[in-house]
Every structure is written in C-alpha cells, then in structure tokens.
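Here is what each chain is made of, one letter per residue.
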Amino acid sequence: MRWQGQRIDETDAQALPGMENRTGFLRTVTTPEFAGMTFHEVLAKSALNHVPGPSKMPFNWTVNPYRGCSHACVYCFARGTHTYLDLDAGRDFDSQIVVKVNVVETVEKELRRGSWKHETVALGTNTDPYQRAEGRYRLMPGIIGALADSGTPFSVLTKGTLIRRDIPVLVDAAARVPVDVQLSIAMFDETLREAIEHGAPSTQARLDTVRALSDAGFRVGVFLMPILPHLTDSVDAIDGALRRIKEAGADHVIYGALHLRAGVKPWFLQWLSQHRPDLLSSYRVLYPGSAAEAPKDYRRWLARRVKPLIRMHGLEARHSDDRPLRRSMGAPAEPVTSATPLWLFEQPAAEPAAPSRFGAPRAPEPVPTLF
Ligand code: SF4
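Cut-offs applied
Residues numbered from 1 in each chain as written. Predicted model: local features only at pLDDT ≥ 70, side-chain atom pairs only at ≥ 80, totals over all residues. Helix = DSSP H or I, 4+ residues; strand = E, 2+ residues; numbered from the N terminus. Buried ≥ 20, exposed ≤ 12 C-beta atoms within 10 Å, placed from the backbone. Contact = placed C-beta atoms within 7 Å. Near = placed C-beta within 6 Å. Nonpolar A, V, L, I, M, F, W, Y, C, P; charged D, E, K, R; others polar. Core = buried A, V, L, I, M, F, W, Y, C linked by C-beta atoms within 7 Å. Pairing = 2+ DSSP bridges.

Draft legend 1. View of the overall build of the chain. Counting secondary structure elements, the chain contains eleven helices and twelve strands. Taken over 371 residues, the chain has a buried fraction of 45%. Taking all contacts inside the chain whose residues are at least 6 apart in sequence as the whole, residues at least 24 apart take part in 74%.

Draft legend 2. Spatial organisation of the environment of K117. Locating K117 in the fold gives a position in the loop between α2 (103-111) and β7 (121-123). Between the alpha carbons of K117 and G151 there is a distance of 9.8 Å; along the sequence they are 34 residues apart.

Draft legend 3. Looking closely at unusual backbone geometry. Of note, the bond from M225 into P226 is cis; its omega dihedral lies within 30 degrees of zero at 10°. Relative to the helices and strands, P226 is located in strand β10 (residues 221-227). Even without a glycine there, the phi angle at A72 is positive, about 60°. Tracing the backbone shows A72 in the loop between β5 (66-67) and α1 (91-95). Even without being glycine, D86 reaches a positive phi, approximately 60°. On the secondary structure map, D86 appears in the loop between β5 and α1. Residue class for D86 comes out partly exposed when judged on the 15 C-beta atoms lying within 10 Å of it.

Draft legend 4. Structural detail: the site of the ligand. The full set close to the ligand counts eleven residues, and C69, H71, C73, C76 and D128 are the nearest of them. Considering only residue class, the shell around the ligand consists of seven nonpolar, two polar and two charged.

Draft legend 5. Looking closely at the nonpolar core. In this structure, I143, V222, L224, I227, I245 and V253 are the most contacted members of the largest nonpolar core, which totals 90 residues. Take this core: its biggest share by element is six residues, from helix α4 (residues 140-149).

Draft legend 6. Structural context of the sheet that holds β5. Here four strands make up an open sheet; going across it, the order is β1-β2-β6-β5 and the pairing mixed. Every interior strand has two partners, whereas the edge strands, β1 (25-29) and β5, have only one. With five bridges joining them, strand β2 (residues 38-42) and strand β6 (residues 96-100) adopt parallel strand pairing. Residue F39 lies in a different strand from β6, and its bridge partner there is I97.

Quick look at the structure:
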C-alpha cells in the first residue's frame, strides 16, 4: 500500500489504532447500507502496480482499487497481505476494506506518461474489484475508461455480479482496446458456496452474469478454481459444473486445484475443522507443512479427470498450468499448446514484508495470482 501521498493532519477518533493520523489516510467510514463493514479511505500515490520479479503471469501490471475483500472466500490467497496493515487475515480481511479513493485520477496520470508502453493491465488478480465496496465508490468505470482512452488492453476477473452495471462501459472499451472478462465460479453446491464464500454472490447469480456478458458480445472465461480435494473434485461435481457453465454461455474454462499459501492455510484448516473435520487429516497430507500446492500426483490425477470433461462440454481444456486465452472481442484465440509454460501456481515469493506499522516503509502489494 502506498501510504505516502498527501498529508492529512486531522485525526479521526473512529480510525483503527495507529491509523488516526496517517500519511495518505483520509477517513474511516461505516454506513448502515454496509453493516458490519468499515471502509478506510486512502489517497494512493500510485495505482499501476508492476508485477514483481520474474513472474510468469500473462500480464505485467495490475490495478487494485481495494485491499481486503468482502466476498470473504475462506481460501483467498490474499488474506496474508492484510497483516501488513496491522489487520488480521481473517475477519478483518473480509470487513476492513482499504479504498484508494483517488485511484482513477492516479491511474489517468500514470497512463499519460511518455514511458507507458500500453502493456496489458489485469484488474481483479489481487482482490475483487467488483466486491460490495464498488457499489458505493464506483471506481471501476473510471479505471476502465482511463485504460481504454489511453489505448491500454486489460482484463477483468471477478466474482461480483456488480460487473453487470458496467457492461455498457466495458462494451465501449472493447470497441477500442482488447478486453478480456472472466468470472470466477468454483462452488456449484450452494450450501458449500455459502459456507466457504459467504460474502460472494450465489453461483446462479454469477452464471447469470456470464450470460449477460456473453449476450453483450464478450467471450467469457470461467475460472473453475479452486477445485477442492474431496469436496468438489468428483466426476459428478465437475461434470455438473461444466454443464451449467456451458449453458450460461461461457466460452472456455480454466481450472486448478486449491492452492494454500502460508497466510491462508491456518484459516482454511480452521474452517475445515468446523465444517468437515473428517477431511482434516487428508488435507494435512495433501498440503503438509509449508506446501502451498497440492502434490503433482494429485494435479495429474485431476488433469486426467477434468480435461476430457472440458473437451466433452466444448469448453476448450485450459489447465491452470497453461497460459489462459487473452482474447479481445472478435479476435482469434491464441493457440495453447502443451509446451506453454507453467505459470499459475509457480508464483514468486511475495516481496519481503515491510514492518507492519503504519507510517513505516510501505507494505507490498500482493503478488497477483488467480485464485
Ligand atoms: S478469492 Fe477473490 S473474491 Fe474471494 S475473497 Fe479473495 S479476492 Fe475476494
């Protein structure tokens, strides 16, 4: 988080401990419309975030208007980054949302720089840009407009049905630059969905969003990930999911097994102990110690199971170990071969953590991943 920016000398008695008088920090907001949530409005000095190091992600830049995410997915990889803000990675991550209120003006300024090379910008790779806060702050239309005006291609990945509000803006942008839209939908049992993504829209609402985007002319990708061992990896579950995705009008599916980084693993295991204690020992075998990935054997087994089903449903097998399509409306798909590099689950380590004190050197942006 870039806390350095403009100095706000007023103090705010409602602010979190240590946040009363922070550089770049504006105010803390709670409203009846967003009961249980707190928004921390900040002035960001920069908005375009360069993906650090030798990342194998298919993009080099991200924009993240929010930190924390009210969709509250138990498995969310970004949870650990909230601790850089002296907030916890559990309930605080779900309810204490940092809002970069000046992100539109900041990204416009950065896109005007002569040095900007118009590389693809990814929206929604760290936290969800169409989470509930976006209903209040309406930052995405300005970001999309700024990217399109500057001739910058971009992608959006979300679980948020709020993206439907911006379909006209996205259609307008897609007439000028390549635009990829992707919905993340991995839980097709609504009881499980409610338990593990309790702040996110229902599965059906997201499928309806796929339909709306498809009807607007987008070739919508669906991220069927994370697939949860023993919970959503049966043939019936995957086949049923793909059938519904296809019926919703999706163009293709990208899938992948659960990934448990250190910052999220304790929260996930705690959830498992409450909801499926019978699976705890299996998960401890699959994700021992600091292991973030499921074992190679499991992922191979999953590939053998999922790929034929994806082909059968006409959703073009694209394993998470392949590069995803980066298509624009009307543009031909990039060929994907078995030789394409691994990228999704081979993330570089996060940047070294800054001391977790406000006012100390800035905390790092999360290293992007795709769920
Ligand atoms: S996985 Fe995505 S939608 Fe879910 S909490 Fe994390 S950022 Fe939000």
